[in-house]
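Single-letter residue listing:
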Amino acid sequence: MQINWTEERNLTMLTDYYEFTMSNGYFINGMKDKIAVFDMFFRKIPDNGGFAIFAGLEQLVHYLKNLHFTKQDIEYFRSKKIFHEDFLNYLENFHFECDVWAMEEGTPMFPNEPIVTIKGPVIQAQLVETMVLLTINHQSLVTTKANRMVRAAGDRMIMEFGSRRAQGYDAAILGARATYIGGCGATACAITDRDYGVPAVGTMAHSWVQMFDSEYEAFRSYAEIYPYDCTLLVDTYNVLKSGIPNAIKVFDEVVVPKGFRPKGVRIDSGDIAYLSKKARKMLDAAGYSDVKIVASNSLDEYIIRDLYLQGAKIDSFGIGERLITSKSDPVFGGVYKLVAIEKDGEFIPRIKVSESVEKIINPHFKKLYRFFDENGKAVADYVCVHDEELDTEHPITITIFDPLATWKKCTLKNVYAKEMLKPIFKKGELVYNLPSIQDIRRHCKEQVDSLWEEVKRFENPHNYYVDLSPKLWKIKQELLADLQK
């Protein structure tokens, strides 16, 4: 039975203070029931990669289901002496009534396309901004980083070892969940196994070896307790002079006589490429060609790739701080912007401009489609206005263009369109069945496999196009032109 960590705490107040001052203002101005549409999107892919991966939806769902203000919350606001009493009464009887659409967890995503859309009374849609961004930004960042490392490792497993380096305990717990979605095979975080079903692994630390009078005694004691799952940490003193020889001796004297085969040895320091090659020869010569070599320490996708170029004999990796914190690019810059309001039954687009062309938002209440070719490969994404419909049952031919360089056009023939934003809440009621963590992980692998290899390059990846429909592009240009009048 899995425990939903977020459901155990009321996180409604985990919100920027200005959300409440604005909401109080909306209320006083008679706008509390005004319908607004907000999009979450991002502008830059971490590590200059070709794509990011959407994650964190499950925790966002639990947060939205549990939205309510306690008496303590109301008294806190009252103590500030700036909030209208009628507004406090509104908060006291708060009930989430928005519509929510989002990508499925584990789906590749690209800059400037909506990944979460929330439509509803402006106060409600505004108040959830902080948690939408916090939840999706964090797990999407870690999932994206994990997937890069998993792809670098190929068919060799990566285990997440980063709990003690994470930025707080929620980051450790949910970060481990995110790495599993991205393709890691296990975690060292026991609570993530208990609560989310991510397999936990672990054997010993250097302190275990140091507690005994000799390395041999430490290995022997461990093997006697866990002969069926014996992996020994061999770098406490000297990998090649004592660690591997003592491990082989214990395998011979304890593990094999008990009717088991040893599982592995772990190297946590030193020149891992050199040590792994030497250790492999020693283990093979002793009859333990089936014993796996695990490498840990400060690893990332580039080091993993270099290790194999150097002929390292490593079967799996334990990766900590550079994974759980996405150390090389530790901020996922998702933003949450107002894109439309409803007036007299129609949606009126809203736009935010910037001196930087790339930062000008795509306005309006929108849909997102992804085009796949006959081989199931994703070829482009297509953002259009909410009332535009594409045939998702049959192959179509469609001409797309670069929204920044409009002369660049491409006609896609016989492609299949898939709508990417799924209904999650309808008028505040959950209408989406949350998948298991295993199903999310499988979905992630399938969807990443649908991308061309050129998009998955670590350096200079192919630019995957996110194009606007002619209708949406025209609306955007008209709004920009109006601002110049």
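Shown above is the structure to which this text applies.
In this text, all values refer to a predicted model and were calculated from it rather than measured experimentally. (Residues numbered from 1 in each chain as written. Predicted model: local features only at pLDDT ≥ 70, side-chain atom pairs only at ≥ 80, totals over all residues. Heavy atoms only, no water.)

Regarding the overall build of the protein
Check the secondary structure of the protein and you find 16 helices and 20 strands. Classification of the 485 residues of the protein by burial places 53% in the buried group. Side chains of the protein carry 60 positive and 67 negative charges; the gap between the two charge centres is 3 Å. (Helix = DSSP H or I, 4+ residues; strand = E, 2+ residues; numbered from the N terminus. Buried < 20%, exposed > 50% of the residue type's maximum accessible area, 1.4 Å probe, protein only. Lys, Arg positive; Asp, Glu negative; His and termini not counted. Charge placed at Lys NZ, Arg CZ, Asp CG, Glu CD.)

Looking at the side chain of Thr144
Following the sequence through the fold, Thr144 ends up in helix α6 (residues 129-153). For Thr144, a relative accessible area of 4% puts it in the buried group. From its side chain, Thr144 meets the backbone nitrogen of Ile53 in a polar contact 2.9 Å long. Here the side chain of Thr144 touches Ser140 through a polar contact of 2.6 Å, landing on its backbone oxygen. Aside from chain neighbours lying at most four places away, what touches Thr144 is Phe51, Ala52 and Ile53. (Polar contact = N/O pair within 3.5 Å; in protein donor to acceptor, adjacent residues only side chain to side chain. Contact = heavy atoms within 4.5 Å.)

Quick look at the packing of helix α10 (residues 215-225) against helix α11 (residues 239-255)
Contact pair α10 / α11: the axes reach a minimum separation of 9 Å and the direction vectors enclose 40°. In terms of orientation, α10 lies oblique with respect to α11. Considering the relative orientation of α10 and α11, their crossing is right-handed. On α11, the residues touching Glu215, Tyr216, Phe219, Arg220, Ala223 and Glu224 of α10 are Ser242, Gly243, Asn246, Ala247, Lys249, Val250, Glu253, Val254 and Val255. (Axes fitted to C-alpha atoms, helices over the stretch in contact; angles between N-to-C directions. Parallel < 35°, antiparallel > 145°, perpendicular 65-115°, else oblique. Left-handed = near helix turned anticlockwise from the far one by under 90°.)

Quick notes on the side chain of Thr231
Within the element layout of this structure, Thr231 appears in strand β8 (residues 231-233). In this structure the side chain of Thr231 is engaged in a polar contact, spanning 3.5 Å, whose partner is the backbone nitrogen of Gly264. Those residues in contact with Thr231, other than ones at most four positions away along the chain, are Thr203, Met204, Tyr222, Lys263, Gly264, Val265 and Arg266.

Here's the deal with the pattern of salt bridges
For the coordinates displayed, the defined rule picks out 33 salt bridges. In this structure, the salt-bridge partner of Glu58 is Arg177, at a minimum N-O distance of 3.1 Å. Residue Glu58 is found in helix α2 (residues 57-65), and its partner Arg177 is found in helix α7 (residues 169-181); the two are separated by 119 residues along the sequence. Ionic contacts of the salt-bridge type, sharing partners, join the residues Asp47, Lys145, Arg148 and Glu301 into one network. (Salt bridge = Lys/Arg side-chain N within 4 Å of Asp/Glu carboxyl O.)

What to know about unusual backbone geometry
Even without being a glycine, Asp344 presents a positive backbone phi close to 55°. Assessed through its relative accessible area of 76%, Asp344 is described here as exposed. Positive phi outside glycine occurs at Asn460, with the angle close to 50°. Along the chain, Asn460 turns up in the loop between α15 (437-449) and β20 (466-468). Taking relative accessible area as the criterion, Asn460 reaches 67% and is therefore assigned exposed.

Let's talk about the packing of aromatic side chains
Going through the model one piece at a time under the given rule, you end up with 28 aromatic pairs. Pairing Tyr308 with Phe317 gives two aromatic rings, centres 5.8 Å apart and planes at 90°, and the pair type is edge-to-face. Each member of the pair, Tyr308 as well as Phe317, carries the same accessibility label: buried. What links up through ring pairs into an aromatic cluster is the set Tyr17, Phe20, Phe27, Phe69, Tyr76, Phe77, Phe83, Phe87, Tyr90 and Phe94. (Phe/Tyr/Trp six-rings, centres within 6.5 Å; stacked < 30°, edge-to-face > 60°.)

Overview of the packing of α2 against α6
Contact pair α2 / α6: the axes reach a minimum separation of 9 Å and the direction vectors enclose 160°. Here α6 runs roughly antiparallel to α2, going by the angle between their axes. Judged by the twist between their axes, the crossing of α2 over α6 is right-handed. Packed against α2, whose contacting residues are Leu57, Gln59, Leu60 and Tyr63, the element α6 presents Met131, Val132, Thr135, Ile136 and Gln139 at the interface. Of the residues in the contact of α2 with α6, the class split is six nonpolar, three polar and no charged. (Nonpolar A, V, L, I, M, F, W, Y, C, P; charged D, E, K, R; others polar.)

Things to note about the sheet that holds strand β13 (residues 346-349)
With respect to topology, seven strands assemble into an open sheet ordered β13-β12-β1-β5-β3-β18-β19, the strand pairing being antiparallel. Looking along the sheet, the strands with just one partner apiece sit at the ends: β13 and β19 (429-430). Both strand β3 (residues 99-102) and strand β5 (residues 116-121) contribute to a ladder of four bridges, which runs antiparallel. Across the sheet, Trp101 pairs through a bridge with Thr117, a residue of β5. (Pairing = 2+ DSSP bridges.)

Thoughts on a nonpolar patch on the surface
On the surface, Ile225, Tyr226, Tyr228 and Phe260 cluster together to form a nonpolar patch covering roughly 380 Å² of accessible area. By the element assignment, Phe260 lies in the loop between α11 and β9 (264-267). Owing to a relative accessible area of 33%, Phe260 belongs among the partly exposed residues under this scheme. (Patch = residues over 30% accessible without salt bridge, like charges linked within 9 Å, V, L, I, M, F, W, Y side chains within 5 Å. Areas by Shrake-Rupley, 256 points an atom, 1.4 Å probe, with all protein chains shown as cover.)

A short note on the pairing of β3
As a general feature of sheets, a regular strand has side chains that alternate between the two faces. Of the two faces of β3, both are covered, the one formed by Asp99 and Trp101 as well as the one formed by Val100 and Ala102. Of the pairings in the sheet, the one linking β3 to strand β18 (residues 422-426) comprises three bridges and is antiparallel in character. Note on β18: the bridge partner recorded for Trp101 is Pro423.

Section: α15
Its 13 residues place the ends of α15 18 Å apart at the C-alpha level, agreeing with the 18 Å of an ideal helix rising 1.5 Å per residue. Listing the buried residues of α15 in full gives Ile437, Ile440, His443, Cys444, Gln447 and Val448. One face of α15 carries all of its buried residues, which in axial projection span an arc of 125°. Projecting away from the buried face of α15 at angles above 90 degrees are the exposed residues Lys445 and Glu446. (Expected span 1.5 Å × (residues − 1). Arc of directions from axis to C-beta.)

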